[in-house]
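Tertiary structure, described
Now for the letters of each chain:
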Amino acid sequence: SRHGSTDDVVDRWVPILERHRVSLVLSGHDHNYQRFVSPRGVTYVVTGGGGASLYDVDRDCTDAVRQEARAKAYHFVAVEVHGSGMTVTAVGRDGRILDTTVLPTAPDAR
């Protein structure tokens, strides 16, 4: 979106997150909602719809991730952790579900 990726984060953190198969990475700063999934199965969520003016959501993605969901909407994100993994739900200010996904527990995390 407006701010995009940070080279230091991509260069330093993403390899660690991907190598260890982190299930979910939450970030903010861009004032919208976006959910991406990397080829290694790491889910990245940008959640920045809490109050300031909203940003348009770019549709362009790199080959490294695929965009699964996006919304230019005020929202919050709820993460429910359960025995088989977690459920991530983006809820608009009107209570409407903008996006939901279920992330299973990694096989080696049990």
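Notes on the structure follow. (Residues numbered from 1 in each chain as written. Predicted model: local features only at pLDDT ≥ 70, side-chain atom pairs only at ≥ 80, totals over all residues. Heavy atoms only, no water.)

Of regular secondary structure, the chain possesses one helix and seven strands. Along the chain, helices and strands appear, N-terminal first, in the series α-β-β-β-β-β-β-β. The buried share of the chain, reckoned over its 110 residues, is 36%. Within the chain, residue pairs in contact and separated by at least 24 positions form 42% of the contacts whose partners lie at least 6 positions apart. (Helix = DSSP H or I, 4+ residues; strand = E, 2+ residues; numbered from the N terminus. Buried < 20%, exposed > 50% of the residue type's maximum accessible area, 1.4 Å probe, protein only. Contact = heavy atoms within 4.5 Å.)

Okay, the side chain of Arg35 next. Its location among the elements puts Arg35 in strand S2 (residues 33–37). Classification of Arg35 as buried rests on a relative accessible area of 8%. Polar side-chain contacts of Arg35 include one of 2.7 Å to the side chain of Asp99. In contact with Arg35, other than residues within four places in its own chain, are Thr43, Tyr44, Val45, Arg66, Gln67, Glu68, Ala69, Asp99, Thr100 and Thr101. (Polar contact = N/O pair within 3.5 Å; in protein donor to acceptor, adjacent residues only side chain to side chain.)

Ordered by their spatial adjacency, three strands build an open sheet running S5-S6-S7, and the pairing between neighbours is antiparallel. Strand pairing shows two members of the sheet lacking a second neighbour, strand S5 (75–82) and strand S7 (97–104), which therefore form its edges. Each strand axis lies, on average, 15° off the axis of its neighbour in the sheet, ignoring direction. (Pairing = 2+ DSSP bridges. Axes fitted to C-alpha atoms, helices over the stretch in contact; angles between N-to-C directions.)

With that settled, consider the sheet that holds strand S1 (residues 24–27). Taken together, four strands build an open sheet; the order of strands is S1-S3-S2-S4 and the sheet is mixed. In the strand order of this sheet, the two ends are held by S1 and strand S4 (66–71), each with one partner. Averaged over all pairs of adjacent strands, the angle between strand axes in this sheet comes to 15°, irrespective of strand direction. Across five bridges, the pairing between S2 and strand S3 (residues 43–47) is antiparallel. Residue Gln34 lies in a different strand from S3, and its bridge partner there is Val46.

Keep in mind these values describe shape, not function.
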